[in-house]
Amino acid sequence: MTGRHLRGALAATAAGILLAGLALFTGAGPAAAAPVTDCTQWGTTEMQGGAYTYQQNEWNSSARQCVSVDTTNGAWKLTEANFSLTTAGPPATYPSSYKGCHWGACTANSGLPIRVSELGSARSTFDTAQVASGAWNAAYDLWFNSAPTTDDQPDGTELMIWINHRGGVQPIGSRTATINSDGRTWDVWTGPGASGWKVISYVLQGGAAAVTDLDVKRLVDDATARGQINPAHYLIDAEAGFEIWQGGQGLGVNSFSFDAGKGSGGGDTTPPTAPRNPRSTGASSSSASLAWDPATDDVGVTSYDVYRGGTRVGSTGGTTYTDTGLTASTAYSYTVRARDAAGNVSPPTGPVSVTTEPGGGTGTGNLKVQYKTSDTSVTDNAIGMNLKLVNTGSSTQSLKDVEIRYWFDDSAPSYTTWCDWAQIGCSTLTHSVSTNGTTTGANRYLKVNVTDGTLAAGASTGDIQLRLHRSDWSNLNEADDYSHGTASTYTDAPKIGVYSDGQLLWGTAP
């Protein structure tokens, strides 16, 4: 541990005795511990009485990184960091707080390690200070190992939970699923680590500066059900901080807590009942929405697994689920199983058949656009949207020179446009506002051009988060805009156009 300071003995002067007496008389407590500063590459600092440890963990750089740590409440902030690595490779550093055993160094009374099959609960709060520059993520890093502890690289799985990111960074591997868990929507990425260990990452859609009372066990259960975590392995530690590729100064953690415990059932072998009343609640040309009534269990249901045609496609802690990325005008069959804290799984529900809607638009190509709103107000000073391009064809599609058009109605003389974040990288996009004559509801359009890249058959670009506003920041009215929608989850958007070389590939132009 670094950064511990000893208070020097005070001379027993009359003034010193008087000050001590005044402190006793007024009831004043001892002064708070001074913040600890650390500028070393591998420094660690005990926090909150040894319950947590801060680690510099600058594992892929030797540039100067300095931190100020409040050892009393566990808050910390990077006071000096200016990294400049390419986002195509690993990050420079992962300054973070941890609880448990990290490479053999264990915090006090953590309750870890816990065998995955015995994990009854794992909940966490992670509150961060973020900056609007650089390239970084705010992420948990949970490690699993075949033995209860190790002083070397764990031989099990690395589970990351990204609550936010900027600068075009993305997890290891590729996006393989999207799930709803704990009232939040996560993109699931899987791939091997640099030395071959399994890595699974959950990326919070939309991002956040903080998560409160996050049910981490649901994500562990989901990763276990996907075969990414061995239930005989041990959760040995939980870390939370920032992977940083570029910049970093000002990033920090306001608070971090992680509490895990074994299941109370111990020998619970009774599965839940099957969920009741499974039903379809809607469909688009690329998605199917389901709902069911809760299952019952002698201890408690923790999650529901959703199967499409016998293949598990996702898990949720609630009683609704939307399956995305489907083919238009196609019938799909779904069943649902309940799972309890001990890992017991219920019988399946009876099958529910859902047929997707026909594809929309008058375009003739193999690309379509999906949309969800990122701004529920139609009268504020910005138009915000989240878009995805999807390759509906059977071969790889070039994205070079593809153009997206979002039509709206306004009369301002000039606009400013933004790419807040894009999974394919904002650097691959150009954007501006163009005029469109006097067309009602669509006399302007946001033009977004992709400058490079390809899209595999059936794949999507992932999130493209865009925003525009009048140059004077005065309010707009989106109520009658041609392309405006209210969908809170991604749906096909036939009123948003996709063009290539001037040819309409998707959508209906106004």
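Predicted model only: the values in this text are computed from it and were never measured. (Residues numbered from 1 in each chain as written. Predicted model: local features only at pLDDT ≥ 70, side-chain atom pairs only at ≥ 80, totals over all residues. Heavy atoms only, no water.)

1. Looking at the state of the cysteines
Enumeration over the complete set of coordinates arrives at three disulfides. Here cysteine 39 connects covalently by a disulfide to cysteine 66, the sulfurs 2.0 Å from one another. Across the disulfide from cysteine 39 to cysteine 66, rotation about the S-S bond amounts to roughly 120°, and the bridge is consequently right-handed. Here cysteine 66 lies in strand S4 (residues 66-69) and cysteine 39 lies in the loop between strand S1 (36-38) and strand S2 (44-47), a separation of 27 residues in the sequence. By relative accessible area, which is 29% here, cysteine 39 ends up partly exposed. (Disulfide = S-S within 2.5 Å. Helix = DSSP H or I, 4+ residues; strand = E, 2+ residues; numbered from the N terminus. Buried < 20%, exposed > 50% of the residue type's maximum accessible area, 1.4 Å probe, protein only.)

2. Some details on the side chain of serine 289
Mapped onto the secondary structure, serine 289 falls in strand S20 (residues 288-293). Look at serine 289 and you get buried, because its relative accessible area is 19%.

3. Topic: the sheet that holds S20
Read across the sheet, three strands follow the order S19-S20-S23 without closing on themselves; strand pairing throughout is antiparallel. Two strands lie at the open edges of the sheet, namely strand S19 (276-283) and strand S23 (320-323), each paired on one side alone. The sheet shows a mean angle of 20° between the axes of neighbouring strands, direction not considered. Across four bridges, the pairing between S20 and S23 is antiparallel. Bridging across to S23, alanine 291 finds its partner in threonine 320. (Pairing = 2+ DSSP bridges. Axes fitted to C-alpha atoms, helices over the stretch in contact; angles between N-to-C directions.)

4. A word on unusual backbone geometry
Looking along the chain, the bond that leaves leucine 112 and enters proline 113 is cis, with omega of 10°. By the element assignment, proline 113 lies in the loop between strand S8 (105-106) and strand S9 (114-115). Unusually for a residue other than glycine, aspartate 213 sits at a positive phi of about 55°. Within the secondary structure, aspartate 213 sits in strand S16 (residues 210-215). Its relative accessible area of 40% is what places aspartate 213 among the partly exposed residues. Backbone geometry at aspartate 401 places phi at a positive 70°, although glycine is not the residue there.

5. A short note on the layout of surface pockets
Think of a ball as big as a water molecule: rolled over the atoms, this probe shows where empty space is left. Put simply, the second largest pocket is a space of about 790 Å³. At the level of elements, strand S11 (135-145), strand S12 (157-166) and strand S17 (234-248) are the ones that each hand at least two residues to the lining of the second largest pocket. Of the residues that constitute the lining of the second largest pocket, the class distribution is 16 nonpolar, 11 polar and four charged. (1 Å grid on protein atoms, 1.4 Å probe; cavity = no way out; pocket = protein on both sides within 12 Å on 5 of 7 lines; lining within 4 Å. Points joined across faces, edges and corners; volume = space filled by probe spheres on them. Nonpolar A, V, L, I, M, F, W, Y, C, P; charged D, E, K, R; others polar.)

6. So, the pairing of strand S5 (residues 76-80)
Bridge count for S4 against S5 is four bridges, and the pairing is antiparallel. Along S5, the bridge assignment pairs serine 68 with lysine 77. Hairpin connection from S4 to S5: six residues lie between these consecutive antiparallel strands, with glycine 74 at a positive phi of about 85°. For S5 and strand S18 (residues 252-262), the ladder comprises two bridges, and the chain directions are antiparallel. Residue pairing across strands places tryptophan 76 opposite valine 253, the latter belonging to S18.

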